[in-house]
Amino acid sequence: MDYLGLFPVFYVPDVGSAWLMGLTGTIHIMASHTSVGAAMLFAFLAHKAYKEDRDDLYDYMKRYGMFLLIFSYVIGSITGPGIWYTATAASPRGISALIHNFVWVWATEWVFFIYEVIAVFALVYFIGKIDKKTHLKLTYTFALASVGTLALIIGIISFMMWPGNDAFYNTGSASDAFFGLNTFPHMFLRIGFMVMMSGVIGLIISSAMKRENVELSNELTRKMGYVGLIGGFVALFFFMWYISTLPANADAVLGLTLDSIIFNRIILAIMFSLYFFLAILKPQWIGKYLAVIMMFVIGIVGVWPGEKLRESMRKPYVAGQYIYSNQIISRDVPGKGVKSEVEVVAAKGLLGVDPWVPERLRTITPENKLEVGEYLTKRACSNCHSLEKGGKYRSMIALFTDKVQMTDAASIKSYMQVIGTGSIPYMPKIALPDEEYDAMAEWIATQINN
Amino acid sequence: MDATILNVLRDPAGVPFFPVVFQGLYILTWALHAAFVLLALGSFGLSLYGSMKQKHDANWKVLNPHLIQTGKLSISLLILLGIAPLLFTQVIYDAGWYVANTLSGAWVFIFIYALIAAYLMFYWYYYANKRNGGGGTFIGLISFLIVVFCGILMHNFAVISISTPDQWMEMYAPGGVIDTSGLNLAWDIVRLAFLVSLAIPVLGIFLQNYSDFVSTKSDYSADFVSFTRKLGNKFAVIGLLISAVLFVLWMMQENLLMHPVSLATIVSVVILLIMAMFLKNSYITTLWLVVVALFISGIRELIRYNIMSGLGYDLYGYPVNLEIPTIAMFLSTFVILGFTGVAYILTMAWKVGKLENGATLDGTKSAAVTKLGNITLGLFVLWMLIYFAWGMIILFKNTL
Ligand code: HEM
């Protein structure tokens, strides 16, 4: 048999495995972006403390550092591998493609992580135990290591969107994949957001210091207001450049939701500008509860939709515009010797190429038709849709009943055939043999109608 | 299912370098992961006992906060050090890694959140213990149990990944009915018991080091030094004996007892035992412990290699798509920047650790600290310059 290198399907009812990733991803972004932003902020503060010989700033850095150890270095360093592990379970071939291309980049990033983590412990615990100049130098290296981790991951996640030109497909070179069209705009967009996050978290720390030292607390609250404002501005500026470097399929998805995204971003921008201005003008009004709430606001209203959007814009691909979300390879990559699998799937069907089909389900019979239909639907569609009635993740049932208004097997089948021709830009162009469409359509119809 | 499926499940893009290099790096970096897993389990475990004694016992009062601090750092490091073997193993053993992750997908998710919960509770334990000069035992115990549970899940992934394709098929579709819930679990008690038992001797040797380190500082009493040394000796010797027995059992189970690597491991453990019992300078024992750890990591890899090649998996025949620039980046970063940078911080940490009560270190007066610091900073700046230059060149080449 002509098997393809597919892996077992892992599927979480109602929310899909993608939600697990979204959740872990959102937490990770909050933690990791704060950590890089804070590293830059620390470099600035340590510089100031050294130049102006100010001991009180170390106090602030120490508190901030303690918070970071938990927020960024506990939660961030676990959710980092966490995204990876969950992405592997949800999309093994997507991760595999990235790893087999970028393993040395990730390994380099790992060296930076090690340095970063040892340095942050040193930085926090050495305060008061080493001289200011040595501490400053250590802080500089820490900041550079932190920014280095961003520099290394950014090319990989940008490649997930697309390389931006054909060079990679022809050469197969990791450098061509890494430095794509949207790598740098994406990088500066994130740097801006990181700086802003360091301000958002910095406000929590500074507002909690009121009782011990009002003056210092107000001074730092004001500074954090500026930091947040500058970061937010940089992020917004580069966001616009970034959007213009996205592929055409992203526009299609963006088109579906653009208005609500822009609305969401405008509201966020206004809200946080007001917040930062308040911090600058009336620092005494910023209390620690407000500061904590604003952190959650940015996570729930800013990062979570942003993550969902980034995932959507990549559709129908999961990585490099050559692997579909449902794990089928969509095109040749001559530079790597990778061949498109769309043709063999069309000829033999998923049942003919999936190594994980038990013998009793290999051939469709009237008895096993629904069971096969369910499995094939999971294989072909569940990476992007939850399949249950009332599912939360781009519910397939709801899309069939509400968006295209088809509820009987025959029209569902004909709609899937349309998807198979590739005329819907955000869904994979995968044609299947007739009897597989039948089995899937019949199963979907029974789900809709019971 | 046919065993050649293992070859089909390899990534069609090939590996970017020779598989044997990944295999070597895997053995090396997993040994590092394991070392800190064991130190974390050992120091954390003992600290729970200590947290009950430290209110009344002067020696425990000094030792216990340090044990907790060691546990805290070790958990951070074990997580970080786990990343590298995670990379290297999946590059060359695609089938095992991805199948284990999908068949156990729900546990993967649980693992992450359990670990977060455990580590947060650890911090709770740490602060509770610090504030009251002892105690926090209950929350610490819960955290400890979750850490152990995480280890069991890790072990589960490892066991599934070295199962045979027929066993996978039985997990995925028991009785021919497909199950996509990702709730499979598998274990191998002897292997797990052996690996976890190593926490005891690792803790023992760590305590010996600790004792040697504080013995040169005037603010630690001779009584304390000998207390920690004796404790270390006891754990090292008893632990090594337990681990040795479990190791032999494991090797018998795997039919590898007479294999040269297995025999070499046994010899190395015996040498370690003798060193732990008699050697005055425990830092040398630690160096030898690294060798033993590499042997044990090697045995794990040998078992996997034997199973997979026995099934027809051709590891060294994995198509190679040579990728020079990024490996050049990794090797130079790892060897030059990594080692210099870590040496820089460890030098400072050593000096700070040796400070007597209340003193501060003037790094500018130490030639080693100044030089290492300047070189590290310079290397980071250079690294950034090269990175951006490289990116610009590629972008110009591909877009103009
Ligand atoms: C408290 C948390 C953890 C504990 C107690 C732990 C413990 C272990 C143990 C006991 C093994 C050996 C399993 C066996 O061979 O039977 C192992 C293997 C491994 N661990 Fe961890 N670990 C932890 C966290 C992590 C994390 C966060 C990562 C990833 C960043 C990681 C990556 C790995 C890898 C890649 C292997 C090798 C798996 C294989 O060979 O298939 N570990 N770990």
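Model, not experiment: these values are computed from the prediction. (Residues numbered from 1 in each chain as written. Chains lettered and ligands numbered in written order. Predicted model: local features only at pLDDT ≥ 70, side-chain atom pairs only at ≥ 80, totals over all residues. Heavy atoms only, no water.)

A look at the overall build of chain A
Condition: Helix and strand assignments come from DSSP, with helices taken as H or I runs of at least 4 residues and strands as E runs of at least 2, each series counted from the N terminus. Radius of gyration: over C-alpha atoms. The globule rule applied is 2.2 Å multiplied by the number of residues raised to the 0.38 power. Categorising residues by exposure relies on relative accessible area from a 1.4 Å probe, with only protein chains included: less than 20% of the type maximum marks a residue as buried, more than 50% marks it as exposed, and the intermediate range marks it as partly exposed. Pairs of residues are marked as contacts when any of their non-hydrogen atoms sit within 4.5 Å. Note on areas: Shrake-Rupley with a 1.4 Å probe; residue coverage comes only from the protein chains shown. Charged-residue counts in this description rest on Lys and Arg as positive and Asp and Glu as negative, His and the chain ends being excluded. We put the charge of a Lys on NZ, of an Arg on CZ, of an Asp on CG and of a Glu on CD.
Within chain A, the secondary structure is distributed over 16 helices and two strands. Relative to its length of 450 residues, chain A is compact, with a C-alpha radius of gyration of 25 Å against a globular reference of 22 Å. Referenced to the eigenvectors of the C-alpha coordinate spread, the extents of chain A come out at roughly 80 × 45 × 35 Å. Expressed as a percentage of its 450 residues, the buried residues of chain A come to 66%. Partitioning the contacts of chain A with sequence separation of at least 6, the portion at a separation of at least 24 is 74%. Summed over all atoms, the accessible surface of chain A reaches about 15800 Å², with 65% contributed by carbon and sulfur. Side-chain charges in chain A split into 37 positive and 35 negative, and the spacing between the mean points of these groups amounts to 9 Å.

Brief notes about the coordination of the iron atom of the ligand
Ideal values for angles at a metal depend on the geometry: 109.5 degrees with four tetrahedral donors, 90 or 180 degrees with six octahedral donors. Residues and elements named next belong to chain B. So the rule is basically this: We call an atom a donor if it is N, O or S and sits within 2.8 Å of the metal, or 3.2 Å for Na, K and Ca. Water is not counted, so some sites may look partial. Key to geometry: four donors with every angle between 85 and 135 degrees are tetrahedral; four donors are square planar and six octahedral where opposite donors lie over 155 degrees apart and all remaining angles lie between 65 and 115; all other sites are irregular.
Around the iron atom of the ligand, the donor atoms from the protein are His33 (NE2) and Met154 (SD), and they sit 2.2 Å away. In this structure, the iron atom of the ligand is surrounded by six donor atoms whose angles at the metal cover 83 to 177 degrees, and the resulting shape is octahedral. Placement of the pair is His33 in helix H2 (residues 19-53) and Met154 in helix H6 (residues 137-161), with a sequence separation of 121 residues. A residue is classified by how much of its surface remains accessible, and His33, at 10% relative accessible area, is buried.

Points about the site of the ligand
Stated formally: By convention in these notes, a residue is near a molecule or strand provided one of its non-hydrogen atoms lies within 4 Å of it. Under the rule applied, a polar contact is a pair of N or O atoms within 3.5 Å (in protein, one hydrogen donor and one hydrogen acceptor; residues adjacent in sequence only if both atoms are side-chain atoms).
Taken together, 24 residues surround the ligand, and among them Tyr26, His33, Met154, Arg191 and Arg304 of chain B come closest. In this structure, the ligand sits where chains A and B come together, each supplying nearby residues. Residue Arg191 of chain B places a side-chain N or O atom 2.6 Å away from an oxygen atom belonging to the ligand. Taking Arg300 of chain B, its side chain carries an N or O atom lying 2.7 Å from an oxygen atom of the ligand. Those elements giving two or more residues to the shell around the ligand turn out to be helix H2 (56-90) of chain A together with H2, helix H3 (58-92), helix H5 (105-132), H6, helix H8 (189-197) and helix H12 (282-310) of chain B.

Points about the domain arrangement of chain B
Residues and elements named next belong to chain B. Quick note on the threshold: Note: domain ranges come from an automatic or database domain assignment. Buried area adds together the accessible area that both of two parts lose upon being put together, with accessible area traced by a 1.4 Å probe. Each reported salt bridge corresponds to a side-chain nitrogen of Lys or Arg within 4 Å of a carboxyl oxygen of Asp or Glu.
When the domains of chain B are assigned, the result is domain 1 (4-322) and domain 2 (323-400). Put simply, the middle of domain 1 and the middle of domain 2, counted by C-alpha atoms, are 29 Å apart. Of all residues in domain 1, Phe213, Lys217 and Asp219 bury the most surface against domain 2, accounting for 43% of the area lost on that side. Linking domain 1 to domain 2 there are zero salt bridges.

Thoughts on the packing of helix H3 (residues 92-126) of chain A against helix H4 (residues 132-161) of chain A
Packed helices, taken two at a time, are described by the angle between their axes plus the distance between the axes. Residue and element names in this part refer to chain A. Test applied: Lines fitted to C-alpha atoms define the axes here, with helix axes fitted over just the stretch in contact, and angles between the N-to-C directions of these axes take values from 0 to 180 degrees. Angular relationships are summarised with four words: roughly parallel below 35 degrees, roughly antiparallel beyond 145, roughly perpendicular across 65 to 115, and oblique for the angles in between. It is the rotation of the near helix from the far one that decides the hand of a crossing: anticlockwise by less than a right angle makes it left-handed, clockwise makes it right-handed. Classes in brief: Ala, Val, Leu, Ile, Met, Phe, Trp, Tyr, Cys and Pro nonpolar; Asp, Glu, Lys and Arg charged; the others, Gly included, polar.
Following both chains from N to C, one finds H3 and H4 inclined at 155 degrees, their axes separated by 9 Å at the closest point. With respect to each other, H3 and H4 are oriented roughly antiparallel. By crossing handedness, the relation of H3 to H4 is classed as left-handed. Of the residues belonging to the contact of H3 with H4, the class tally is 21 nonpolar, eight polar and two charged.

Quick notes on the environment of Ala193 of chain B
Positionally, Ala193 of chain B belongs in helix H8. Considered as a pair, Ala193 of chain B and Leu273 of chain B are 80 residues apart in the sequence and their alpha carbons are 19 Å apart.

Focus on the domain arrangement of chain A
Residue and element names in this part refer to chain A. Along its sequence, chain A is carved into domain 1 (16-324) and domain 2 (341-449). Once you take the C-alpha centre of each, domain 1 and domain 2 turn out to be 38 Å apart. Domain 1 puts 14 residues into the contact, and the matching count from domain 2 is 15 residues. Looking at the side of domain 1 facing domain 2, the largest losses of area belong to Trp19, Lys315 and Tyr324, adding up to 38% of the total buried there. Connecting domain 1 to domain 2 are one salt bridge.

Some words on the interface of chain B and chain A
Across the boundary between the two partners, chain B contributes 108 residues, which contact 99 residues of chain A. Overall, the association of chain B and chain A removes approximately 8900 Å² of surface from exposure, summing both partners, and the carbon and sulfur fraction of that is 78%. Where chain B meets chain A, there are one salt bridge. Between Asp176 of chain A and Lys397 of chain B there is a salt bridge, with its nearest N and O atoms 3.2 Å apart. For the side of chain B that touches chain A, the secondary-structure elements that each account for two or more residues are helix H1 (5-8), H2, H3, helix H4 (94-103), H5, helix H7 (165-172), helix H13 (324-354) and helix H14 (367-399) of chain B. Here the residues of the side of chain B that touches chain A sort into 74 nonpolar, 28 polar and six charged.

Quick look at helix H7 (residues 183-207) of chain A
Here is the rule we go by: A helix is expected to span 1.5 Å for every residue after the first.
The terminal C-alpha atoms of H7 of chain A lie 36 Å apart, and with 25 residues this matches the ideal 36 Å at 1.5 Å per residue to within 8%. The element H7 of chain A is largely enclosed, with a buried count of 23 among its 25 residues.

Overview of the packing of aromatic side chains
For clarity, the threshold we go by: Ring geometry is summarised as follows: Phe, Tyr and Trp rings, the Trp one being its six-membered ring, pair when their centres sit within 6.5 Å, and such pairs are stacked at plane angles under 30 degrees, edge-to-face over 60 and tilted between the two. Think of it as a cone above the ring: NZ of Lys or CZ of Arg counts as a charge over the ring if it is within 6 Å of the ring centre and within 35 degrees of the ring normal.
Using the criterion set out here, one finds 72 aromatic pairs over all chains in the structure. An angle of 80 degrees between the planes, with centres 5.9 Å apart, marks the rings of Trp356 of chain A and Tyr172 of chain B as edge-to-face. Of this pair, Trp356 of chain A sits in the loop between helix H11 (342-353) and helix H12 (359-362) while Tyr172 of chain B sits in helix H7, placing the two residues on different chains. The pair Trp356 of chain A / Tyr172 of chain B is uniform in exposure class, with both members buried. Sitting over the face of the ring of Tyr169 of chain A, Arg331 of chain A holds its NZ or CZ atom 3.6 Å from the ring centroid. Cation over ring: Arg304 of chain B sits above Tyr93 of chain B, and NZ or CZ is 5.1 Å from the ring centre.

Some remarks on the packing of H2 of chain A against H7 of chain A
All names here are of chain A. H7 packs onto H2 with a crossing angle of 120 degrees between their chain directions and a minimal axis gap of 10 Å. Once H2 is placed against H7, the crossing between them reads as right-handed. Touching Tyr60, Arg63, Tyr64, Phe67 and Phe71 of H2 are Ser198, Ile201, Gly202, Ile205 and Ser206, all from H7. Its residues assigned to classes, the contact of H2 with H7 shows six nonpolar, three polar and one charged.

Focus on unusual backbone geometry
All names here are of chain A. Omega for the peptide link from Lys315 to Pro316 comes to 5 degrees, which places this bond in the cis form. Within the secondary structure layout, Pro316 lies in the loop between helix H10 (288-313) and strand E1 (317-319). A positive phi is found at Asp53, a non-glycine position, where the angle reads about 50 degrees. A residue is classified by how much of its surface remains accessible, and Asp53, at 54% relative accessible area, is exposed. For Gln327, which is not glycine, the phi dihedral falls at a positive 80 degrees. Relative to the assigned elements, Gln327 resides in the loop between strand E2 (323-324) and H11.

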